[in-house]
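# Architecture and fold: a report
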Amino acid sequence: MGSLLKSSTQVTSGRRAAVLALAIVEFQTRHNRLPQALTELVPDFLPAIPLDAINEGQFVYSLAAAPPGFTIVSLGADGKPNPKPGEGDDRVLVPPRKD
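A brief report on the enclosed structure follows. (Residues numbered from 1 in each chain as written. Predicted model: local features only at pLDDT ≥ 70, side-chain atom pairs only at ≥ 80, totals over all residues. Heavy atoms only, no water.)

### Here we look at unusual backbone geometry
When glycine is set aside, most residues are seen to have a negative phi, and most peptide bonds are trans. What counts is decided by this rule: For the purposes of this entry, the term helix denotes a DSSP run of H or I that reaches at least four residues, the term strand denotes a run of E that reaches at least two, and both are numbered from the N terminus. To sort residues, take the accessible area from a 1.4 Å probe on protein chains only and compare it with the maximum for the residue type: under 20% means buried, over 50% means exposed, and anything in between is partly exposed.
A cis amide bond links V42 with the next residue in sequence, P43, at an omega value of 5 degrees. For P43, the location among the structural elements is in the loop between helix 1 (3-31) and strand 1 (60-63). Unlike most non-glycine residues, N32 shows phi in positive territory, near 60 degrees. Note on placement: N32 falls in the loop between helix 1 and strand 1. Its relative accessible area of 70% is what places N32 among the exposed residues. Here the phi dihedral of E56 falls at roughly 55 degrees; this positive angle occurs in a residue that is not glycine. Among the secondary structure elements, E56 is positioned in the loop between helix 1 and strand 1. Residue E56 is classed as partly exposed on the basis of its relative accessible area, which comes to 47%.

### Section: the environment of D44
Here D44 is to be found in the loop between helix 1 and strand 1. Judged by its relative accessible area of 58%, D44 falls in the exposed class. Counting along the chain gives 17 residues from D44 to F27, while the straight-line C-alpha distance between them is 8.7 Å.

### Quick notes on the pattern of salt bridges
Our working rule: Whenever Lys or Arg places a side-chain nitrogen within 4 Å of a carboxyl oxygen from Asp or Glu, that contact is recorded as a salt bridge.
This structure, assessed with the given rule, holds two salt bridges. The salt bridge partner of R16 is E56, with a shortest N-O separation of 3.6 Å. Of this pair, R16 sits in helix 1 while E56 sits in the loop between helix 1 and strand 1, and the two are 40 residues apart along the sequence. Its relative accessible area of 28% is what places R16 among the partly exposed residues. Residue E40 pairs with R33 through a salt bridge whose shortest N-O separation is 2.6 Å. Judged by its relative accessible area of 38%, R33 is partly exposed.

### Points about the sheet that holds strand 1
For clarity, the cut-off: What makes two strands pair is DSSP finding at least two bridges between them. Between the N-to-C directions of two axes lies an angle of 0 to 180 degrees, each axis being a line fitted to C-alpha atoms and, for a helix, fitted only over the stretch in contact.
The sheet built from three strands is open, its strands ordered 1-2-3 with antiparallel pairing. Each edge of the sheet is formed by a strand with only one pairing partner; in this case those strands are strand 1 and strand 3 (91-94). Each strand of the sheet is rotated relative to its neighbour by a mean of 30 degrees, with strand direction disregarded. The pairing of strand 2 (residues 70-74) with strand 3 spans three bridges and is antiparallel. From the neighbouring strand, V73 faces strand 3, where its bridge partner is V92.

Here it is in structure tokens:
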């Protein structure tokens with residue numbers, strides 16, 4: 001994949017994760033809890049769950065102890081989880097990395 005196309009795909013993936021994160025926060029505001037699954041967001045907060053632009057698969061959503069209370073992970077081009085999230089081509093999109 002060319003670097004420009006790869007960069008564009010990563011930006012699209014990040015944008016989709018941001019839309020997903022906003023819907024999660026809106027859900028939390030309305031229900032005083034985080035959704036247990038992304039399917040709880042449809043149809044009141046999103047018309048459909050956005051797909052990861054990098055692999056056209058689902059983002060990995062999980063609840064977390066640290067703020068904001070959840071993570072959204074892209075599984076990268078291979079669509080398979082690495083042993084540790086954020087390693088290999090997996091990318092933790094929410095919360096954003098601080099580097």
